[in-house]
Amino acid sequence: MSSKAPSNPFATLTWDDVEAWAGSRIVSRGKSYQRSNRVRELARTVSRGIVAWVQGTSRYATQVEIAKRKLTASCTCPYGGTCKHAVAVVLSYLECLKNQREIPTAAEDDPRFDLLKDAAQAAAAVHSWELEEADDEDYDEDEEDDEDEEDDELTVSRRAVAKRSRPLVSDGATAYLKQQSKEDLVALLKHLMQQHPDVRQAIVDRANLLGGAVKKIVATVRKEINALAGMPAWGDEDGWGRGRSGNYARIQTHLEALLAAGHADEVLSLGQQLLKAGTQQVEMINDEGETAGEVAASMKIVFRALRQSSLAPAEQMLWAINAELNDEYDLCQGKEEFWHHSYSAANWNIVADQLAARLQKFASENRSEGYSTNYRRDRLSDWLIRALEHAGRTKSFPYANGRQRRPTVMSA
């Protein structure tokens, strides 16, 4: 497509148009983002708009559309509209047009569209909630500065917690809460905190996150996960000869609070530790599957965090594959939802190369034949075959005993 094609509504945009749309201050910040190469995987949409990832305090999905020279934007950042991320995307696209660089078209199932849809629903819920707080009413997009400034980290966390903690649907309980005074709501929360420890912990976590105590909460979760390994396994702790599984509800509350505040990378790191510790506990504990269920429920939060993390798509895919390869008790709940989204052949190509190298290394390090060795090799081979197929790099290969043998790998 020619960069000057009349059918491209962005081709005739001027600097004045962009400033009139976003304002000089936001345009200035957007220009800084664009110059810093924070815009990634820029693509066109079928509606002749543009979509991209923009790296700010977190990684945001940003979409911009234009009709009759009127720009509209949506973004998963706390500001959510005509923000500096949207400006950076527009400026990056204009630069591509100027230099006649070809821009791909995003697939209909591009994961960014789902994230933007969720953000739009959350924004609508916030609007209907009409919570009268000065911090929300006076929020200025300019407050969310570069991620290396501590104050801006707190601003983003504050805004994210405020948005995501509100209900997404209207029901009788919501209507009741709206009618209550501030004093009545505080009294109700105090009562719930006394009756339900998890409610108290959720409120404490959110308060700590607003105060910037992210590292403190992460350290607390790590300590609680480590404590799982010390839980009794075959004792008479509950009178039935079974060990207690530990307080996974508390861990889940911590993870949810971190994710709601935009700390997906921290949740992901904790998830790796949780899967290892949970697997060890499931191996030892004598229960009816309750522990495995609690670990799986916790991992569901982790897999939600995976799609919101700062990892590139191929890195997210490899993270999910590694988790499944290390999962011996079907603890990776949430993996189906992760793989429900489509990934490009280019990303599958990266994954295939990584898995092929790993399989070759595994073969050289494990010469002996045995059930465990064969099982691990087969699981890794299955994932390699899947990656090769999605990348379009497989030739037909023979079958033996109902299983596919090692595929022929085509050069990328």
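Above this note sits the structure.
Worth saying up front: this structure is predicted, and the values here are computed from it rather than measured. (Residues numbered from 1 in each chain as written. Predicted model: local features only at pLDDT ≥ 70, side-chain atom pairs only at ≥ 80, totals over all residues. Heavy atoms only, no water.)

Student: Break down the sheet that holds strand S1 (residues 39–44) for me, citing the residues and quoting the values.
Tutor: Taken together, the 4 strands give an open sheet; going across it, the order is S1-S2-S3-S4, and neighbouring strands pair in antiparallel fashion. For this open sheet the edge positions go to S1 and strand S4 (70–75), each flanked by a neighbour on one side alone. With direction set aside, neighbouring strand axes in the sheet form an average angle of 20°. (Pairing = 2+ DSSP bridges. Helix = DSSP H or I, 4+ residues; strand = E, 2+ residues; numbered from the N terminus. Axes fitted to C-alpha atoms, helices over the stretch in contact; angles between N-to-C directions.)

Student: Tell me about the environment of Glu315, and please be specific about residues and values.
Tutor: With respect to the helices and strands, the residue Glu315 is situated in helix H14 (residues 313–325). We classify Glu315 as partly exposed; its relative accessible area is 43%. (Buried < 20%, exposed > 50% of the residue type's maximum accessible area, 1.4 Å probe, protein only.)

Student: Tell me what's going on with the nonpolar core, and back it up with residues and numbers.
Tutor: Residues Leu255, Phe303, Trp339, Trp348, Val351 and Leu355 are the most contacted members of the largest nonpolar core, which totals 51 residues. Excluding its chain neighbours within four sequence positions, the residues that come into contact with Phe303 are Trp319, Ala320, Ala323, Cys332, Gln333, Gly334, Lys335 and Phe338. (Core = buried A, V, L, I, M, F, W, Y, C linked by side-chain atoms within 4.5 Å. Contact = heavy atoms within 4.5 Å.)

Student: Describe the pairing of strand S2 (residues 50–55), naming the residues involved and giving the relevant values.
Tutor: Consecutive side chains of a regular strand alternate in pointing toward one face of the sheet and then the other. Summarising burial for S2: 5 of the 6 residues are buried, a large majority. Direction of pairing for S1 relative to S2: antiparallel, over a ladder of 4 bridges. Paired with Arg40 across the strands is Trp53, a residue of S2. The loop that links S1 with its antiparallel partner S2 comprises 5 residues; one of these, Arg48, has a positive phi angle of about 70°.

Student: Describe a negative patch on the surface, and please don't skip the residues or the numbers.
Tutor: Taken together, the side chains of Glu108, Asp109, Asp114, Asp118 and Glu337 make up a negatively charged region of the molecular surface. Within the element layout of this structure, Asp118 appears in helix H4 (residues 111–129). (Patch = residues over 30% accessible without salt bridge, like charges linked within 9 Å, V, L, I, M, F, W, Y side chains within 5 Å. Areas by Shrake-Rupley, 256 points an atom, 1.4 Å probe, with all protein chains shown as cover. Salt bridge = Lys/Arg side-chain N within 4 Å of Asp/Glu carboxyl O. Lys, Arg positive; Asp, Glu negative; His and termini not counted. Charge placed at Lys NZ, Arg CZ, Asp CG, Glu CD.)

Student: With reference to specific residues and values, describe the packing of aromatic side chains.
Tutor: Taken as a whole and assessed by the stated rule, the structure comprises 8 aromatic pairs. Relative to Tyr93, the ring of Phe10 lies with its centre 5.3 Å away and its plane at 85°, an arrangement referred to as edge-to-face. Highlighted residues: Phe10 in the segment before helix H1 (15–22) and Tyr93 in helix H3 (residues 84–98), separated in sequence by 83 residues. Residue class for Phe10 comes out buried when judged on its relative accessible area of 0%. (Phe/Tyr/Trp six-rings, centres within 6.5 Å; stacked < 30°, edge-to-face > 60°.)

Student: Please set out the pattern of salt bridges residue by residue, giving values where relevant.
Tutor: This structure, assessed with the given rule, holds 6 salt bridges. Note that Glu256 and Arg304 form a salt bridge whose closest N and O atoms lie 3.1 Å from each other. Taken together, the positions of Glu256 in helix H11 (residues 248–260) and Arg304 in helix H13 (residues 290–308) put the pair 48 residues apart, joining distant regions of the chain. Connected through shared salt-bridge partners, Glu324, Asp330 and Lys335 make up one network.

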